[in-house]
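Here is what each chain is made of, one letter per residue.
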Amino acid sequence: MNLTKTPARPVPEPTGLLNKSALLLPVLAALILLAPYLEAQTPGETILQSYERIFIRSNLSTKVNILLDAANDEAADEFYGPFCELALRFVIINAPLFPDDPDMINITIGAIKGVAKYSYTPAADTLWQAFLRFPDNVIRVEILRTLALLNAPVLTERINQFLADQNRLYGTGPGADMRIFPALIEVLGKIGNDASYPILFAASFIYPGDLGENALRAIHQIKGDLFSFCLGVILKNPPAEKLEALKLAAVRNDFTDVQKGVLAEAALETALASVSAERRNQNSALCELSVRLIKETERVTALPLVIKYYQQCLASFRLDPSQIQPLLDTVSCLAVLKSTNAAQLLSLQLGIYNSRVNAISAEEQKFVLALISALGKLGYKASYDSVYQASVLPYPAEINTAALDALNRLQW
């Protein structure tokens, strides 16, 4: 048999369609890999449930992208806050398995920012659990700032306790985490309550510089019963703390004159009760601020205390003429309390100086001028004799003129 070989079938040239298919292969491969992520909602499934399912089934690096893409979903307002809380729960449970993993950190920060962006308050407790779980201060500060935005008072007690623990650690040596302190103070300023006052107040004394000042600013931000707190400190605490509490009250525009007067009177009473000279020196600034506030609020019931303080200031001035300013301030305070007792006391002192007009010092002349001014403001006619004498005695012209003006103000 004569066999002949069948000619080979010519191989067709590649078509344009095949070229295009070859180009699409990498894209198709990527789509296959991302199929779980791109999977559509199943029937009866909400958008949130769909994202949660995809998130749970994805690897760490893909989870980061899912968070980012979900943020840009046109329906993000409806689900993104709860979705970010789910992501936070995931990292709280699994963070120990992936210490310092960049993807885990990115998931955490992305979820925190999502909760903050949508002010998702129900996530507050989850945020706090993440705060306790992560030692990383970048994450901790971000959580605290987010809690401040959420204004979640449900966490106040726990944050109060955390700051109290930090205060104890710092007071006993190294251990307090100073880097998170500003953010910790910021959140308490937003969600703090009456129980936060003593903890922040203690912090203002414990921490140096701006950190202590931040604690005081946070106290002013809290909407609580600051008056009662200040009164308690003034009645019970050491002199430096009494003074700081009175300073807090002095700058409060929402405190009435009655409230400020009550605090100032209580502060002056506790300060004057000190027996030792050392204690009196510690209380000097407290007395001076108290007298200023009593004058500003015209706290008449404090008159006996102001008179007692005046006598102490006068004794100090006689020993050391440089100690004149507290005496002048106290005389000025007596001038607004409108009391015959005060007028009689000041008239008596003016009469003593009148009796030795040629032997008084320059500092004593300042005191005489303050006495005359105060007697003119008090306006009691029983002061006439001593004031008249000051107008004709060989005092400097400034004193004579002031005495004539005071005479015209006496009431008959």
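Scoring rules and cut-offs
- Residues numbered from 1 in each chain as written.
- Predicted model: local features only at pLDDT ≥ 70, side-chain atom pairs only at ≥ 80, totals over all residues.
- Heavy atoms only, no water.
- Helix = DSSP H or I, 4+ residues; strand = E, 2+ residues; numbered from the N terminus.
- Polar contact = N/O pair within 3.5 Å; in protein donor to acceptor, adjacent residues only side chain to side chain.
- Contact = heavy atoms within 4.5 Å.
- Phe/Tyr/Trp six-rings, centres within 6.5 Å; stacked < 30°, edge-to-face > 60°.
- Buried < 20%, exposed > 50% of the residue type's maximum accessible area, 1.4 Å probe, protein only.
- Lys NZ or Arg CZ within 6 Å of the ring centre and 35° of its normal.
- Patch = residues over 30% accessible without salt bridge, like charges linked within 9 Å, V, L, I, M, F, W, Y side chains within 5 Å.
- Areas by Shrake-Rupley, 256 points an atom, 1.4 Å probe, with all protein chains shown as cover.
- Salt bridge = Lys/Arg side-chain N within 4 Å of Asp/Glu carboxyl O.

Assignment of secondary structure puts Asn354 in helix 20 (residues 340-354). Within the structure, the side chain of Asn354 is placed 3.0 Å from the backbone oxygen of Ser386, a separation counted as a polar contact. Among all residues touching Asn354, those that are not within four sequence positions of it are Ser386, Gln389, Ala390, Leu393 and Tyr395.

Evaluation of the coordinates by the stated rule reveals 20 aromatic pairs. Both rings, one in Phe201 and one in Phe229, keep their centres 5.4 Å apart while their planes meet at 80°; by these two values the pair is edge-to-face. Taken together, the residues Phe201 in helix 11 (residues 196-206) and Phe229 in helix 13 (residues 226-236) connect sequence positions 28 residues apart. Both residues of the pair, Phe201 and Phe229, belong to the buried class. One aromatic cluster in this structure is built from Tyr51, Phe55, Phe79, Tyr80, Phe83, Phe90 and Tyr118. Here the guanidinium or amino end of Lys63 rests over the ring plane of Phe55, the centre of that ring lying 5.1 Å away.

Let's shift gears to the environment of Leu216. Of note, Leu216 is situated in helix 12 (residues 209-221). In this structure the C-alpha to C-alpha distance between Leu216 and Phe201, which are 15 residues apart in sequence, comes to 6.7 Å. Residues contacting Leu216, with those up to four places away along its chain left out, are Ser204, Glu244 and Leu248.

On to a nonpolar patch on the surface, then. Taken together, the side chains of Tyr384, Tyr388 and Val392 make up a nonpolar region of the molecular surface, amounting to roughly 280 Å² of accessible area. Mapped onto the elements of the fold, Val392 is located in helix 22 (residues 384-392). Given the relative accessible area of 52%, Val392 is considered exposed.

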